[in-house]
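Report on the structure
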Amino acid sequence: MNNQELIARLEADRTIAVVRAPEIADAAELCRSLVAGGITGVELTYTTPNLLAHVARAAATAADHGAIIGVGTVLTADQAKAAIDAGAQFLVTPGIRPEVAKVAADAGIPFALGALTPTEVAMALDLGSAVVKIFPASAMGPAYLKDLQGPYPGIKLLPSGGISAANAKDFLAAGAVAVCCGTAVVPPAVVAAGTWDEITARAAAFTSILC
């Protein structure tokens, strides 16, 4: 997957699911349930124990469920390498992590660096970030995205943190390429319990408001 392909997927779905859970009952079924609800981008995070096993499971079954698998909360070069080796198709960081950017770039996979200030946005762009994750987005509000597009016209912004059914469309209207959805779609307890029908229903409800 290259930058253009990731951006195209984000533009099509308008959202990506960020999974933070104490356990994932079955990563393949999780991906399948999200795709069934209209979300094909799945970000599994290093805050989940045994993450790499879940990434490998999701990646090995990708031809079946059709999701693209990313790994988030990547903080170090070693974590980046391990995630790619496990099958990650893109990487996401919570802040500016040059060493992660280098590993991803060397491997030829897209990455999204986290930023908040205009200076951090410039750093992310200089490092080759395919999209720039604005975190925490809810603390700044949708209007902040419009402000950033003044000095950075055409920038691909991916707001994350505090995105809900109540504000997602506002962030998209403000110019976001897509929004990250978390507990609104993938509550930790539901992911751990493997209640896949509920996740599909939540994903379908969330994507329906983005049109």
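First, a word on what this report is: a plain description of the structure on this page.

Scanning the model with the defined rule gives one cavity of 30 Å³ or more in all. Put simply, the largest cavity is a space of about 30 Å³. Considering the residues around the largest cavity, the lining is formed by Leu6, Leu10, Ile16, Phe90, Val92, Ala112, Val131 and Leu158. Counting residues per element, the ones that place at least two in the lining of the largest cavity are α1 (3–13) and β4 (90–92).

Let us now look at the nonpolar core. Membership of the largest hydrophobic core comes to 61 residues, with the highest contact counts inside it found for Val19, Leu30, Leu34, Leu44 and Leu91. Leave out the neighbours within four places in its chain, and Leu34 touches Ala17, Ile39, Val42, Val185, Val186, Ile199 and Ala203. Of all hydrophobic cores here, the second largest spans 15 residues; its members include Leu10, Ile68, Val131 and Cys180.

We now examine the sheet that holds strand β5 (residues 111–115). Taken in spatial order, the eight strands line up as β7-β6-β5-β4-β3-β2-β1-β8 in an open sheet, and their pairing is parallel. Single-partner strands in this sheet number two, and they are β7 (157–159) and β8 (179–181). Going from strand to strand, the sheet's axes swing by 30° on average, the running direction of each strand aside. In terms of strand pairing, strand β1 (residues 15–19) meets β8 through three bridges, oriented parallel.

What counts and how
- Residues numbered from 1 in each chain as written.
- Predicted model: local features only at pLDDT ≥ 70, side-chain atom pairs only at ≥ 80, totals over all residues.
- Heavy atoms only, no water.
- 1 Å grid on protein atoms, 1.4 Å probe; cavity = no way out; pocket = protein on both sides within 12 Å on 5 of 7 lines; lining within 4 Å.
- Points joined across faces, edges and corners; volume = space filled by probe spheres on them.
- Helix = DSSP H or I, 4+ residues; strand = E, 2+ residues; numbered from the N terminus.
- Core = buried A, V, L, I, M, F, W, Y, C linked by side-chain atoms within 4.5 Å.
- Buried < 20%, exposed > 50% of the residue type's maximum accessible area, 1.4 Å probe, protein only.
- Contact = heavy atoms within 4.5 Å.
- Pairing = 2+ DSSP bridges.
- Axes fitted to C-alpha atoms, helices over the stretch in contact; angles between N-to-C directions.

Geometry only, nothing functional implied.
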